[in-house]
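# Fold and contact review
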Amino acid sequence: MRIYLALALQALWTGVCQAAMQHYPAAWGHYDVCKSQIYSDEGLTWDYMACQPEAADMTQYLKVTLDPPNITCGNPPETYCALENPYMCNNECDASTEELAHPPELMFDIEGRNPTTFWQSTSWKRYPKALLVNITLSWNKTIELTDDIVLTFESGRPEQMVLEKSLDYGRTWQPYQFYATDCLDAFTMEPKTVQDLTQHTLLDIICTEDYSRGYVWKYDKTVRFEIKDRFALFAGPRLHNMASLYGQLDTTKNLRDFFTITDLRIRLLRPATGATMVDENNLSRYFYAISDIKVQGRCKCNLHANSCVFDKEKLSCECEHNTTGPDCGRCKRNYQGRAWSAGSYLPIPKGTANICIPNNIGPVIRPNVSSLGVANRKEVAPQVALSTAPSVHVANRKRARVCDNELMRCQNGGVCIGNVRCNCPAAYTGLLCEKPRCESELGGCRGAGSGQPPLRPASSFGPWQLVLLLGLALL
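Note that this is a predicted model, so its numbers are computed, not measured.

On to the overall build of the protein. Across its full length, the protein holds eight helices and 24 strands. The proportion of buried residues among the 475 residues of the protein is 43%. Considering only intrachain contacts with a sequence separation of at least 6, the fraction spanning at least 24 residues in the protein is 65%. Element-wise, carbon and sulfur atoms account for 53% of the exposed surface of the protein, whose accessible area totals about 26,000 Å².

Below, the structure is given as structure tokens:
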């Protein structure tokens, strides 16, 4: 008996855990469904939700450029010394030999190889002139960062460096973070860490000394820009309260823009020296070398798409909700019935789709939605009647359903067109053909020569119809 009870409790606990795991991460973490079919009083209809692509490794879609262009080592071939031992000079760089070349693409290849692959700059041969390198990562697409940016250096982390971002495809730049062994000396800034930030200072640009130590810390190779620590200021230490974070992103444009980029730029200003003085007799010890760059994020689709495709060297959102554009940033043609708006994360967990609606309410095409397979849903959605779109305002829904029920029939011989509007006889007008046209003419309908046929009894246009008609007029 105890065995059966234990098994039953275990099965119950497993079911509860699975239900919790399936609900919260999928709903809060991804917003991966743009629409689904539901049953309503009107039959099978679409339920629209805010949606976004899943996060991915964005380095596989970028273009990298270096400035100056000839800063990569190997042309001409060069021999390098180890930073910690100036007399161990057995490292070669030769661009004409594959095994000895260190081109920029090795910053983004698969790690774990032996020996390690990395990009490497020329040495500091022109000291005391600064050894400056700009590494620009461009996506030609707006992306949203979802995890820390991590740079892994092979030969000492830089003593001075700036990480910058652009939101306009590289036309203008603004700093993300400063890095230095001495922030006051390098940038006249007090040193801080991300742990010093609060919800009110999250957007502050800081200088940190945590990632610029000399060769004594040679096993500390990474430099980070901490995204998740900033998320945690709203979502909690383990990001367990994503609802709070999404609420802030939804209502604070500057916060959302802070994690949004089109380009990143790594400005290397001073290489690792491992000492307070530069050894001018061994300048081949000083250079930059990067083995890996990690940028995790997703295409920005304004919560109107759950997938992003890479075609012809370009990323673009596969837009839903009758939107279009590389970021789903405008309504499709003939779907501009109201101003475009980005989707909303709120209310949790489905958000608000804010779909684009047709310009004019015309004849409604009613496909047999119930007979369609999942594969056909995307093609059918744009033609489904407004009455099947729960996200459309109630006013629009009621305007689209004027004369297709018992209480709201066309009056005085009017004919209901497409369940949307009444086609009235020449002598009548109004939403339901309830008004004699002569009422708006000079003299009204009293004249014998008005040509107005006698009105139908008032009982045929009852109080319920009048109430509904008044509601429609107000809407």
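The next thing to look at is unusual backbone geometry. For the bond running from Y127 to P128, omega is 15°, close enough to zero to count as cis. Relative to the helices and strands, P128 resides in the loop between β7 (119-120) and β8 (133-145). The omega torsion of the bond from I348 to P349 falls at 10°, within 30 degrees of zero and hence cis. As for its position among the elements, P349 is in the loop between β20 (330-331) and α6 (377-380). Positive phi values are uncommon outside glycine, yet N302 reaches one of about 60°. Tracing the backbone through its elements, the reader meets N302 in the loop between β16 (296-299) and β17 (308-311). Although it is not a glycine, E313 adopts a positive phi angle of roughly 60°. By the secondary structure assignment, E313 is in the loop between β17 and β18 (314-317).

In the predicted model, the protein carries a mean pLDDT of 79, and 73% of its residues have values of at least 70. Across residues 362-400, where pLDDT falls below 50, the model places 70 contacts with residues more than four positions away in sequence or in other chains. Counting contacts from residues 447-464, a segment whose pLDDT is below 50, to residues more than four positions away or on other chains yields 22 contacts.

Under the counting rule described, the total for this entry stands at 14 aromatic pairs. Plain terms: the ring middles of F178 and F187 are 4.8 Å apart, the flat faces sit at 55° to each other, and that makes the pair tilted. The residues F178 and F187 share a single accessibility class, namely buried. With a centroid separation of 4.2 Å and an interplanar angle of 15°, the aromatic rings of Y246 and Y345 are classed as stacked. Separated by 99 residues along the polypeptide, Y246 in helix α4 (residues 242-251) and Y345 in the loop between β20 and α6 bring together distant segments of the chain. Three or more aromatic residues joined by ring pairs make a cluster, and in this case those are Y176, F225, F231, F258 and F259.

Okay, the nonpolar core next. Among the nonpolar cores identified, the biggest contains 61 residues, and W119, I135 and W139 are the most heavily contacted of them. Sorting elements by how many residues they give to this core places β8 first, with six residues. Contact partners of I135, with chain neighbours within four places excluded, come to V64, T65, L66, M107, W119, L264, R265, I266, L268 and I290.

Another aspect to go through is the pattern of salt bridges. In this structure the tally under the stated criterion is 15 salt bridges. For D147, the salt bridge identified is with K228, shortest N-O distance 3.8 Å. Here K228 lies in helix α3 (residues 228-235) and D147 lies in the loop between β8 and β9 (149-153), a separation of 81 residues in the sequence. Accessibility expressed as a relative area gives 25% for D147, which makes it partly exposed. Of the charged contacts, one joins E164 and R265 as a salt bridge, the two residues approaching to 2.7 Å between their closest N and O atoms. Of this pair, E164 sits in strand β10 (residues 160-166) while R265 sits in strand β14 (residues 260-270), and the two are 101 residues apart along the sequence. We note that E164, like R265, is buried. Through salt bridges with shared partners, a single network forms among E164, R265 and R267.

Conventions and cut-offs
Per chain, the residues get numbers from 1 upward, laid out in the order the sequence is written. Owing to the predicted nature of the model, reporting of local features is limited to residues with pLDDT of at least 70; listing and counting of side-chain atom pairs is limited to 80 or more, with chain, interface and lining totals taken over all residues. The side-chain numbers reported here are obtained from all heavy atoms of the structure, hydrogens and water having been left aside. Secondary structure elements are defined from DSSP: runs of H or I of at least 4 residues count as helices, runs of E of at least 2 residues count as strands, and each element is numbered from the N terminus. To sort residues, take the accessible area from a 1.4 Å probe on protein chains only and compare it with the maximum for the residue type: under 20% means buried, over 50% means exposed, and anything in between is partly exposed. Contacts are assigned to residue pairs that have any heavy atoms within 4.5 Å of one another. For accessible areas, the Shrake-Rupley method is used with a probe of radius 1.4 Å. Any residue's cover is judged against the shown protein chains and nothing else. The pLDDT value tells you how sure the predictor is about a given residue, anywhere from 0 up to 100. Any two rings among Phe, Tyr and Trp, with Trp reduced to its six-membered ring, count as a pair given centres within 6.5 Å; such a pair is stacked if its planes are under 30 degrees apart, edge-to-face if over 60, and tilted if neither. Take the buried residues of types Ala, Val, Leu, Ile, Met, Phe, Trp, Tyr and Cys, join any two whose side-chain atoms come within 4.5 Å, and each joined set is a nonpolar core. What makes a salt bridge here is a side-chain nitrogen of Lys or Arg within 4 Å of a carboxyl oxygen of Asp or Glu, nothing more.

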